[in-house]
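Remarks on the overall topology
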Amino acid sequence: MGRREIHLQLNGGDRRVEVEDQTLLIELVRGVGLIGTKLSCDMQVCGACTVLLDGRPVSSCTTLAIEADGKPVETIEGLADGAKLHPLQEAFIERFAFQCGYCTPGIIVTAKALLDADPEPGAEKVRHWMEGNICRCTGYQTIVDAVLDAAEQLRSAR
Amino acid sequence: MTEDRKVAGTSARRVDGVAKVTGAARYTVDLSVPGMAYASVVRSTRAHARIANIDTAAAAASPGVLRVLTGQDLLTAGLTPYYGHVVLDHPVLAIDRVRFHGEPVALVVAETRREAAEAAEAVDVAYDELPAVIDADDALKTDAPILHEQRGERVGDEGMDQGEGGLVGNVCAIARVGWGDVDAAFKKAHLVLEGEYRYPKLYGYAMEPYNALAFFDQGDLVVFSSAQHVYMVRRDLARMFHLPLARVRVSAPYVGGGYGTKSYTKVEGMTAAAAHFTGRPVKLDLSVEEAILTTRSASARIRARSAFSADGLLLARDFEIVMNAGAYTDNTPLVNSKTANRCFGPYRIPALRVVARSMFTNTVPSSSLRGFGAPQGNIAGELQMDEAAAKLGIDPVELRMRNMVGPGEEFMPGKRPLDSDLRDDLRCLASALEWPGGTIGRSIGLGVSASDAGAYPTSTAAVRIHSDTSVTLFTGSTELGQGSRTVLSQIVAEEMGLPLGSVGVVSGDTGVVTYERTTGASRTTTITGRAVQEACRDARRRVRDLAAQALEVPLAEIEDAAGGIRVRGSELSYGEVIERWFGAGGEVLGHGAVRRAEGFAMMPPFYEIGCSGLELSVDRETGQVHITKLTTVGDVGFAINPALVHGQDAGAAMMGLGAALHEELVYDGEQLANPNVVDYRVPRFSDLPDQVIHLLAERRDGSGPYGAKGAGEGAGNTIGGAVASAIGRLIGVFPHELPATPERVWQLMRQAEKKKD
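First things first, this report covers the structure right here in the doc. These numbers were taken from a predicted model, which means no experiment stands behind them.

Once that is clear, we can look at the sheet that holds strand 23 (residues 503–507) of chain B. All names here are of chain B. Ordered by their spatial adjacency, four strands build an open sheet running 23-22-21-27, and the pairing between neighbours is mixed. Single-partner strands in this sheet number two, and they are strand 23 and strand 27 (588–594). Each strand of the sheet is rotated relative to its neighbour by a mean of 20°, with strand direction disregarded. Alignment of strand 21 (residues 459–465) against strand 27, held across seven bridges, turns out to be antiparallel.

As structure tokens, this is what we get:
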């Protein structure tokens, strides 16, 4: 099997990583210590492993690391600005939009992609956009509320 | 001292908030230690067979492989190769025989995860097949293949409701509850309802699958694991390796979902065995598919009869319950007993007979899942209230009101009287749902339950007051997402008169924290919370003692003040007292314990109330059910953190909806047809009801701190019955089997049409 070095922009920083052809993107990010990205279903249906590849949410459990070569990758660790949380993170805390927290990184990253694309989504759009993310703890309502709160926060900050 | 509460009763932000929204929170799956090797499980491809031979040569010769382990290796090494908290019958790795498809047969340990997984494929197991029994009713038959000719040793203690002894055949557990002359009551009844109700096998899908990391440190066994009950796992491991409890450390960092599915030992024995035989730290991470093959919940078939007078009073109830326990005992005796206790409802029932049997079958072992026994039993008991109401022409809410026990009234002889005003809860629920409704094409369903919750009330806690007046709490309760670290911190802050930010928590690590029986049965706030209160009070008592000595003042002159003491008009913080006494540095330790005495003398420690309902519509073309409104009443005595209570209610109700509408593990022959989360469909964002309302009922009537009592299961326990009753009222036939999938609902609609013709 082949090994090669790939070059990606990981959470804004240039990074060269040696990977095997079969290395998955989740193995790459967790391998460099970004453990916020979680593996669960391993079948691309639960969303716990979601990262942004070139700005788009992908399941890192079924994406090859080499696909990220030359591209920006953003994980949950890339959202906060030092100690200053992203408005989504603030809203998730304020709304109690997580419990065990295992799905939370993937959910917040997916929501960020939504708000990047549409700063003013309605509740219906949030529900539709988040359909690929499972949460077993919260029952979802607080997550929808948190995403809407964060959207408003981001708009008013503009 | 704390009449005017400052922290308890507020929706304080979660203390694990920042860690969880930034991805920094560490779960067992995130842990690694230098020199760590990886294990992979070889699983049975037969439902029931003798193991003729396990050829490990090819696997052992595979690249990177350190060791291939079988059950025989554990036996030969003199380890106790079984685990179980009630009956010692669950092999760590199969010995001579497999009893379900997917049972662990061997374990491969290798340098990398991939090498372990690849070598596991090379293990060649030869089987001599035995006839298998999959269905619980088939397991009852006299000619059924027997799973356990010899029973495992019973190791359960006083605190476990184990049901009857003298079990034969495939009966794993029997529980009987009853009083009065049932047969006579049925004879004189105005209305007798009879029906059969079915509740599915479920997979809890905690999103972090079972995993563990184990190593030996100077002969002491250290295991990090996704377990809920670290002290129960410690006991299994100590027995397995013949170690004193003091030399086994089980630690659960953040746990990615529990819901009961991570109660008791799962993969810890296998992982520790791998560490024992290789001398290396070993990590074992199961996949979701393997997690499904580890634990499920028990399905139930219930034959129920209820006798009513003409004015709708219950005269008698009679339940015959058969549950599918799976291949090993695990938590079945407790689940079985709870089903028996939780099926008939919080009603005045002059005569009752319940017999519950749980059967061994060649299927994945069943164990705990949120509310265990309650959702299975509730559908039978509550749906018959709705069916009786329809037949008697009495409003279903009114029918429940007429029969319901009041506050302080006993409904199970010898048990704690009802510690709640359930009638008032039901009034709140009905009003929030705008009962009886009237929107065309929609229908409301609701239900109540009172579960004997809390488990056996043994709990301890410790607090350390540091010299800067901050406090660390030590608790054996694990943080599963329910918010235990937050609520217990709030109790500490309240008791010690400190801001929440001055309280730290160390939890779920038997090497560090004090004893806690379990983290389950909704007990933490109520029972652990009381132990935490006692620990705080003990610490404050010690601070007063130190102050009296250091200041040379009579003890009687020293009073508690916020975050310290008051003496002769001046205040000293805890830290100041500590420094005065020690001279430099130092700390004060407080210990608290609760047991089955005083407020917890009577079992159960509290009732967990279920009072939730919903409004739904049904697509006449497809049978698809849509939930338009969901309402829960959280009867928690006192909400120490209201937002966390709502979170528990929302999560429980949504899980209830999953079971009511979609979820079911299906056996196709001798193996599971849907052991993955594509085919086993859990609720998603699109299943969120149009409107969700969570109410609180706070009457300070719980046995926990400030009158609190538990939440987390109740809101879900009644959902299955509520969905069935709403569908029944809408389409004219009550579903007796869950989940109410579109196909089943569609079939019922055809039945209803035929009935009309």
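Here Lys20(B) is to be found in helix 1 (residues 17–21). Exposure remark for Lys20(B): the relative accessible area of 1% places this residue in the buried category. Considering only alpha carbons, one finds Lys20(B) and Tyr254(B), 234 residues apart in sequence, at a separation of 9.5 Å. Leaving out residues up to four positions away in the same chain, Lys20(B) has contacts with Phe98(A), Gln99(A), Cys100(A), Gly101(A), Thr104(A), Pro105(A), Arg14(B), Ala25(B), Tyr27(B), Tyr254(B), Glu479(B) and Gly481(B).

This paragraph deals with helix 19 (residues 719–731) of chain B. Residues and elements named next belong to chain B. Counted at 1.5 Å a residue, the expected span for helix 19 with its 13 residues is 18 Å, and the 18 Å between its end C-alpha atoms agrees. Within helix 19, twelve of the 13 residues are buried, which leaves it mostly tucked inside the rest of the structure. Taken residue by residue, helix 19 has Ile719, Gly720, Gly721, Ala722, Val723, Ala724, Ser725, Ala726, Ile727, Gly728, Leu730 and Ile731 as its buried positions. Remark: Gly732 follows helix 19 within two positions and exhibits a positive phi of approximately 95°.

For the rest of this paragraph, the subject is the nonpolar core. Membership of the largest hydrophobic core comes to 212 residues, with the highest contact counts inside it found for Phe92(A), Tyr205(B), Leu237(B), Phe319(B), Phe344(B), Leu614(B) and Leu616(B). Counting 46 residues, the second-largest nonpolar core is a separate cluster that includes Ala531(B), Val553(B), Val594(B) and Ile640(B).

Right, let's talk about the interface of chain A and chain B for a bit. Where interface size is given, it is often the accessible area lost as the parts come together that is meant. Taken together, the contact pairs 47 residues of chain A with 53 residues of chain B. A per-residue breakdown of the area chain A buries against chain B is headed by Phe96(A), Gln99(A) and Arg136(A), which together make up 21% of the total. Inspection of the chain A/chain B interface yields eight salt bridges. A salt bridge links Glu663(B) to Arg136(A), with the shortest nitrogen-to-oxygen separation between them at 3.0 Å. Taken together, the connections running from chain A to chain B amount to 26 residue pairs in polar contact (both at pLDDT 80 or more). Where the side of chain A that touches chain B is concerned, the elements lending two or more residues are helix 1 (25–31), helix 2 (87–94), helix 3 (104–117) and helix 5 (141–157) of chain A. The residue makeup of the side of chain A that touches chain B, split by class, is 25 nonpolar, twelve polar and ten charged.

Basis of the calculations
Residues numbered from 1 in each chain as written. Chains lettered and ligands numbered in written order. Predicted model: local features only at pLDDT ≥ 70, side-chain atom pairs only at ≥ 80, totals over all residues. Heavy atoms only, no water. Pairing = 2+ DSSP bridges. Helix = DSSP H or I, 4+ residues; strand = E, 2+ residues; numbered from the N terminus. Axes fitted to C-alpha atoms, helices over the stretch in contact; angles between N-to-C directions. Buried < 20%, exposed > 50% of the residue type's maximum accessible area, 1.4 Å probe, protein only. Contact = heavy atoms within 4.5 Å. Expected span 1.5 Å × (residues − 1). Core = buried A, V, L, I, M, F, W, Y, C linked by side-chain atoms within 4.5 Å. Buried area = accessible area lost by both parts, 1.4 Å probe. Salt bridge = Lys/Arg side-chain N within 4 Å of Asp/Glu carboxyl O. Polar contact = N/O pair within 3.5 Å; in protein donor to acceptor, adjacent residues only side chain to side chain. Nonpolar A, V, L, I, M, F, W, Y, C, P; charged D, E, K, R; others polar.

By themselves these figures say nothing about function.
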